[in-house]
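Per-entry structural report
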Amino acid sequence: MLNPTQIAFFREYGYLVLPGLADQTFCRQLIADAQAALAAHSGEIEYEADTRYPGAPASRDAEGGMTARRLLQAYARSPQLAQWATGPQLAAPLISLLGEGAALSQAHHNCMMTKQPQYSTATGWHRDSRYWQFARADLVSAWLALGNETVENGCLWVIPGTHKLTLHEGQLDDEQFLKKDHPDNQNLLKQAVAVPLQQGDVLLFHSQLFHAAGNNQTQQTKFSLVFTYHAADNPPVPGSRSARLPDIPLTLN
C-alpha cells in the first residue's frame, strides 16, 4: 500500500512514480509478445494514421500508415497482461488512492503503447478524461515502462497540479488539447516536467492531469503498458462509451 507521503504527493501533484514495480524478465517477455503481435497484426491495433494527429500519415495506405501506435484490449490478450492489470502489485497502490472496490475500466486505455521510430507522432497537451464519461472525472491510470523511457524516445511530460485546475474553453482547441499559443497557457507550459522512467517503473497519474509526449527520436521502439481505474462510487455513465465493456474488480489476493 502507498504510505501517507506518497498519497499526499499524488493528491497535490496528480502523479506518482513507483520504481521497480515490475521485474525486468517480465518486461522483456511482454515486449517479445508485443513484437510477435505486431508482426502478425493480431488483435485490435490502432495505427498512427488512425489518430489524425499533426504529422501522422494521412491514411493506412500512405507511407508509414501501418505504423502501429497501440495494441488495444490488452487485458483480454493474455493471462499475463490480465494478471498484471488486476493483481496485487497494482491493486495495492490503486486501492490506496481509490478505495476498496476499485476496478479496471476495459473501455479506456487498456493497451500496449508502441512508440516507434520515424513515423510515431508527438501527443499534445491533454487530459485523458476529455472524452470519458464517468460520474466524476476522477480516475487513475497506471503506466508501466517496459523499457527505459527518456526524453529522446518520447517519455511522458506532465504539468504538476493541473488535475485540480479549472480552465476556460478558450484555452483548449476543438479536440480539447491545450492551445500552445494562448496567453493564459504560457505559464502552465513553463511548469511542465519530463517523467523519465526505468524499465519496470510505474507512473500513476490522474485522469485530469495535463500530459503530453514527444516523438521517438531513437532507432528502437518504446513499449509501455497502460490501464485505467476508477473508484466503486464513480461508475461509468450507463449507455456511454465508457460503459461498453464490463469493469474488472481489483483484489489484493
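Up top is the structure these notes are about.
Read on for an overview of the structure. As the structure is a computational prediction, the values presented were derived from the model and not from experiment.

For the structure on display, the rule yields 7 salt bridges. The partner of Glu 12 in a salt bridge is Lys 164, with the nearest N and O atoms 3.3 Å apart. Of the two residues, Glu 12 is situated in helix α1 (residues 4–13) and Lys 164 in the loop between β8 (156–158) and α6 (186–190); the sequence distance between them amounts to 152 residues. Look at Lys 164 and you get partly exposed, because its relative accessible area is 49%. Here Glu 48 and Arg 69 are joined by a salt bridge, their closest N and O atoms 3.0 Å apart. Within this pair, whereas Glu 48 is found in helix α3 (residues 48–51), its partner Arg 69 is found in strand β3 (residues 68–72), the two being separated by 21 residues in sequence. For Glu 48, a relative accessible area of 1% puts it in the buried group. Salt bridges linked by common partners bring Arg 136, Asp 138 and Asp 233 together as one network.

We now examine the side chain of Lys 115. Along the chain, the position of Lys 115 falls in strand β5 (residues 111–115). Of the side chains with opposite charge, Glu 48 lies nearest to the buried Lys 115, which makes no salt bridge, at 6.6 Å. Within the structure, Lys 115 has its side chain in polar contact with the backbone oxygen of Gly 214 (distance 2.6 Å). When residues no more than four places from it in sequence are discounted, the contact partners of Lys 115 are Ser 120, Thr 121, Asn 153, Gly 154, Ala 213, Gly 214, Asn 215, Asn 216, Gln 220, Thr 221 and Lys 222.

Turning to the environment of Leu 225, a few remarks are in order. Counting through the fold element by element, Leu 225 comes out in strand β12 (residues 222–230). Residue Leu 225 is classed as buried on the basis of its relative accessible area of 0%. Sequence-wise, Leu 225 and Ala 91 are 134 residues apart; in three dimensions their C-alpha atoms are separated by 15 Å. Apart from residues no more than four positions distant in its own chain, Leu 225 is found in contact with Leu 30, Ala 74, Leu 81, Trp 84, Cys 111, Met 112, Ala 142, Trp 143, Leu 144 and Leu 146.

What follows covers unusual backbone geometry. The backbone phi angle of Gln 73 is positive, close to 55°, even though this residue is not glycine. Relative to the helices and strands, Gln 73 is located in the loop between β3 and α4 (79–86).

Below, the discussion takes up the environment of Leu 90. Relative to the helices and strands, Leu 90 is located in helix α5 (residues 88–98). For Leu 90, a relative accessible area of 0% puts it in the buried group. Sequence spacing of Leu 90 and Met 1 is 89 residues, and the spatial spacing of their C-alpha atoms is 9.3 Å. What Leu 90 contacts, discounting residues up to four positions off in sequence, is Leu 21, Trp 84, Ala 85, Ala 142, Val 202 and Tyr 229.

Reading the values: rules and limits
Residues numbered from 1 in each chain as written. Predicted model: local features only at pLDDT ≥ 70, side-chain atom pairs only at ≥ 80, totals over all residues. Heavy atoms only, no water. Salt bridge = Lys/Arg side-chain N within 4 Å of Asp/Glu carboxyl O. Helix = DSSP H or I, 4+ residues; strand = E, 2+ residues; numbered from the N terminus. Buried < 20%, exposed > 50% of the residue type's maximum accessible area, 1.4 Å probe, protein only. Lys, Arg positive; Asp, Glu negative; His and termini not counted. Polar contact = N/O pair within 3.5 Å; in protein donor to acceptor, adjacent residues only side chain to side chain. Contact = heavy atoms within 4.5 Å.

None of the figures reported here should be taken as evidence of function without further support.
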